[in-house]
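The residues making up each chain are set out below.
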Amino acid sequence: VEGTSQKAAAYGAIGLTAEDVHVLDKRHQARVKPQHGDIWIVRRDAHPSHRAVTLQEYMAKEQTHSELAPGGVHEGVSLCEGVFMAVVPCACAALLAAPDLGEADFFTAFCTMLEGKQYVARADTKVSPIMLYLNRTDWIPCPLLVYGSQAKALVHPEHRDSKYDEHSFPCLYVGPALYSDSPVHCA
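Quick look at the structure, then. What you see is a predicted model, and the numbers here were worked out from it, not measured in a lab.

Its volume calculated, the second largest pocket comes out at about 310 Å³. If you go around the second largest pocket, the residues you meet are Ala151, Lys152, Ala153, Leu154, His156, Cys171, Leu172, Tyr173, Val184, His185, Cys186 and Ala187. Those elements giving two or more residues to the lining of the second largest pocket turn out to be strand E3 (150–154) and strand E4 (168–172). With four residues, E3 is the largest single contributor of residues to the lining of the second largest pocket. Of the residues that constitute the lining of the second largest pocket, the class distribution is nine nonpolar, two polar and one charged.

Further remarks concern the packing of helix H2 (residues 18–36) against helix H4 (residues 53–61). Look at H2 against H4: their axes get within 8 Å of each other, and the N-to-C directions meet at 30°. Classified by the angle their axes make, H2 and H4 are roughly parallel. As for the relative orientation of H2 and H4, their crossing is right-handed in sense. Listed contacts from H4 to Ala18, Glu19, Val21, His22 and Asp25 of H2 are Thr54, Leu55, Tyr58 and Met59.

Rules used throughout
Residues numbered from 1 in each chain as written. Predicted model: local features only at pLDDT ≥ 70, side-chain atom pairs only at ≥ 80, totals over all residues. Heavy atoms only, no water. 1 Å grid on protein atoms, 1.4 Å probe; cavity = no way out; pocket = protein on both sides within 12 Å on 5 of 7 lines; lining within 4 Å. Points joined across faces, edges and corners; volume = space filled by probe spheres on them. Helix = DSSP H or I, 4+ residues; strand = E, 2+ residues; numbered from the N terminus. Nonpolar A, V, L, I, M, F, W, Y, C, P; charged D, E, K, R; others polar. Axes fitted to C-alpha atoms, helices over the stretch in contact; angles between N-to-C directions. Parallel < 35°, antiparallel > 145°, perpendicular 65-115°, else oblique. Left-handed = near helix turned anticlockwise from the far one by under 90°. Contact = heavy atoms within 4.5 Å.

Set out below in structure tokens:
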């Protein structure tokens, strides 16, 4: 959909070349390293960009092993595939429930549902993925609001010309901030 690709470009989404995958790897490493240390093994599916010689050279240079699944086989990344099978229908349902949003907003709906899944505890361990990631034993409530609901966005004082300017403007909640870890920031 044309609107979806334009919106994804506005959020800083990148393509599917080997260089793009390498940039995503570096972003992921930067997020994970402070909390958990270096990433030694990366599991990937059979996408052509994952098999590219350029990407393999990047991985060898950084001394990171890339485990690739055979073509048409998803067992190596079955957890990721399972997430997609659950999150995509949830994102579609969120869009159907938001009358002011449409197909072009699928990207934010998907990101919101994906973030929300991190706060759901597993039935067997009663621990959520976010609790594991942050090494916490206390329950962490989900900071997400209702997708597509009406909201007010704050205009920070630094962006106002005087104290009489508008302090907020109406908007729709479309999920957490895409480039901030703060639960109070929104997309």
